[in-house]
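Survey of secondary and tertiary structure
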Amino acid sequence: MNTVIVGTQWGDEGKGKIIDILSADSDYIVRYQGGNNAGHTVVVDDKEYIFHLIPSGILHKGKICCLGNGVVVDPAVLIKEIESLSKSGIEIDTRLKISGLVHVILPYHKILDQLRETKRKYRIGTTGRGIGPCYADKINRCGIRMIDLLNESVFKDKLRDNLNEKNEIFKKVFGHHGFKFSRIYDEYLRYGKIFSRYICNISGLLRKAIKNKKDILFEGAQGTFLDIDFGTYPFVTSSSTISAGACIGTGVSVSAIDRVVGVAKAYTTRVGEGPFPTEFEPAFAEAIRAKGSEFGATTGRPRRCGWFDSVMVKESILLNGITELAIMKMDVLSGLKRIKICTAYKYKGKIFKEFPYDLEVITRAKPVYKEINGWSKTLALPRSYNQLPAGARDYISLLEDLLQTKITIISVGSGRLDTIFLD
Ligand code: GDP
Ligand code: IMO
Ligand code: MG
C-alpha cells in the first residue's frame with residue numbers, strides 16, 4: 001500500500017506524529033518537496049525530535065528514508081540532523097537515500113530570501129531558509145543539484161556562472177558585497193564527498209520497491225494552502241505541497257498511489273503573513289497558543305490561531321484526493337464552552353460555500369459559523385472513541401458530516417499513545 005500524508009491547512013497540522021505512527025507499517029518513508037522550512041515533531045517516550053529534512057520515519061529501525069528529487073537541501077542542516085540522530089544511537093548510513101536530482105541551497109539563496117523580504121511591500125514572512133530562491137533557480141534552469149557536487153569541473157562551471165550573474169545583482173540591487181567563489185566551492189565539494197554515500201536514483205529505487213510489493217509512505221511538508229499553485233498565493237511556499245507533488249517529487253507514477261491521508265488540526269493555525277478568515281481575536285489566540293504550544297518548530301515564531309475552517313479543508317480533500325482524515329490536537333479544545341466551525345464565507349452579500357481563489361475575497365470575507373457546545377473533561381486519557389466526552393464525539397461527527405470524509409485517527413496528545421484509531 002502506497003500512502004501519501006498531506007497537510008490540509010497551512011502546515012504544522014501534526015504530520016510528523018502521523019508519519020511516525022504509520023511508519024511502523026511501511027518499508028520506505030519519502031520526503032517529496034520542501035526543505036528545512038519544515039519542522040516535523042515526533043514525541044517518543046517524552047523525548048521530542050524535530051525533523052527538518054530527514055523523514056519522520058527514521059526512528060523506526062530498518063526503514064529506508066528517502067529525499068526525493070522535489071526536495072531542496074541545505075547541506076549544513078542535513079549534516080547537523082544526521083550527526084544529532086547518530087549521537088542518539090539511530091543508524092543512518094544504510095537507511096538514508098538522497099536523490100542526485102535534489103537541488104542544493106547555497107549561501108546566496110538564504111541571503112536573497114532575507115533581503116527580498118526587507119524590500120517587498122508585502123512581506124511573506126518566509127522562514128528565511130533560502131527555499132524560494134533555490135526553487136526559483138531550479139525553474140530558471142541555473143540550479144545546482146546534489147549530483148553536481150560529485151563532479152568538480154561541472155560544479156566549478158555552474159557555480160562560476162551563477163556567481164557572475166548573482167554577484168552583480170547583489171551589488172547593484174541590494175548593496176550587498178556578494179559571494180566569494182573559492183569559499184563556496186571548497187565548502188560544497190566537501191559536502192559532496194560526505195553525501196556521496198547516500199546519493200542514488202530514488203525513482204529507480206522506489207520503482208523496484210513497488211515491484212517487490214513494499215509499502216511506501218510519502219511525507220508531505222507544509223500544507224495545502226501553502227501550495228505554490230492552489231495556496232493563498234503569494235503567501236505560500238515555493239513547492240507543490242498537494243498530494244500530486246508526491247509523484248512529481250519522486251518519479252513514482254500516479255497509478256502507484258493507493259491512499260491519501262489528510263492531516264488537519266481540530267482548529268487552524270498559520271505562521272507568517274497572509275489571509276486567515278477564521279483567525280481569533282488576539283486575547284483568545286494567545287490562550288489557545290499557550291494551551292497548544294503553538295510556536296513554529298523551525299523559527300520559533302508564534303503561530304496565528306483560529307477556528308476550524310471546513311471550507312478550506314473541503315477544498316483540500318478535493319485537491320488531494322483525500323480518502324481519510326486524521327484530526328489532531330482535539331485536547332487543546334477541551335474546556336471551551338462553545339466551539340465554532342466555519343461553514344461558508346460571506347463577501348459583498350454573497351455566500352461562498354466553495355473556497356474562492358480570488359485573494360481579495362479570502363482576505364475580506366467574513367466567516368459564517370456553526371456553533372456547538374464544547375466539553376469540559378480533559379482528553380488526556382481516552383484510548384477509544386467511546387471514552388471521549390459526548391461534546392468531543394459531536395464535534396467529530398459534525399466534521400465528518402461537513403467534510404463528507406471519514407475520520408480514521410483522532411489525536412489527543414503529542415505522544416504515540418495519545419491516539420484513537422477508528423476503522
Ligand atoms: P507538522 O509540521 O505537521 O509535523 O507539525 P509540527 O510538528 O510543526 O506541529 C505539531 C505540534 O503539535 C508538535 O509539537 C506535536 O508534538 C504536537 N501535537 C501533535 N498532535 C498533538 C495532539 O493531538 N495534541 C497536542 N496537544 N499536541 C500534538
Ligand atoms: P511544516 O512542514 C508552517 C510558511 C512560512 C511562510 C511561507 C513561505 O512544518 O508544516 P518559505 O520559507 O517556505 O518560503 O515560507 O510558508 N511555511 C510553513 N508554515 N509549516 C511549515 O512546514 C512551513 N513551511 C513554510 O511561515 O509563511
Ligand atoms: Mg511543522
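About the criteria used
- Residues numbered from 1 in each chain as written.
- Chains lettered and ligands numbered in written order.
- Predicted model: local features only at pLDDT ≥ 70, side-chain atom pairs only at ≥ 80, totals over all residues.
- Heavy atoms only, no water.
- Near = heavy atom within 4 Å.
- Polar contact = N/O pair within 3.5 Å; in protein donor to acceptor, adjacent residues only side chain to side chain.
- Areas by Shrake-Rupley, 256 points an atom, 1.4 Å probe, with all protein chains shown as cover.
- Helix = DSSP H or I, 4+ residues; strand = E, 2+ residues; numbered from the N terminus.
- Nonpolar A, V, L, I, M, F, W, Y, C, P; charged D, E, K, R; others polar.
- Domains from an automatic or database assignment.
- Contact = heavy atoms within 4.5 Å.
- Buried area = accessible area lost by both parts, 1.4 Å probe.
- Salt bridge = Lys/Arg side-chain N within 4 Å of Asp/Glu carboxyl O.

So, about the site of ligand 1. Taken together, 20 residues lie near ligand 1, and Lys15, Gly16, Thr41, Asp331 and Ser411 sit nearest. Gly39 is positioned such that a nitrogen or oxygen atom in its backbone is 2.9 Å from an oxygen atom of ligand 1. The separation between an oxygen atom of ligand 1 and a polar main-chain atom of Lys329 is 3.0 Å. Here ligand 1 has 580 Å² of accessible area as a free molecule, and 91% of this is covered by the chains. Sorting the residues of the shell around ligand 1 by element identifies helix H1 (15–23) and strand S3 (40–44) as the ones contributing at least two each. Per-class residue counts for the shell around ligand 1 are five nonpolar, eight polar and seven charged. Split by domain, the shell around ligand 1 shows at least three residues from each of two domains, domain 1 (2–100 + 199–261) and domain 3 (264–421).

Annotation of the protein at the domain level lists domain 1 (2–100 + 199–261), domain 2 (103–195) and domain 3 (264–421). Opposite the 37 residues of domain 1 that make contact, domain 3 presents 42 residues. Contact between domain 1 and domain 3 buries roughly 3,100 Å² in total, counting both sides, with carbon and sulfur atoms accounting for 61%. The tally of links from domain 1 across to domain 3 stands at three salt bridges. Here Arg303 ties to Asp12 by a salt bridge, and the two come within 3.0 Å at their closest N and O atoms. On the surface where domain 1 and domain 3 come into contact, there are 22 residue pairs in polar contact (both at pLDDT 80 or more). For the side of domain 1 that touches domain 3, the secondary-structure elements that each account for two or more residues are strand S1 (2–7), H1, S3 and strand S11 (259–265). When the residues that make up the side of domain 1 that touches domain 3 are grouped by side-chain class, the tally is 18 nonpolar, 14 polar and five charged.

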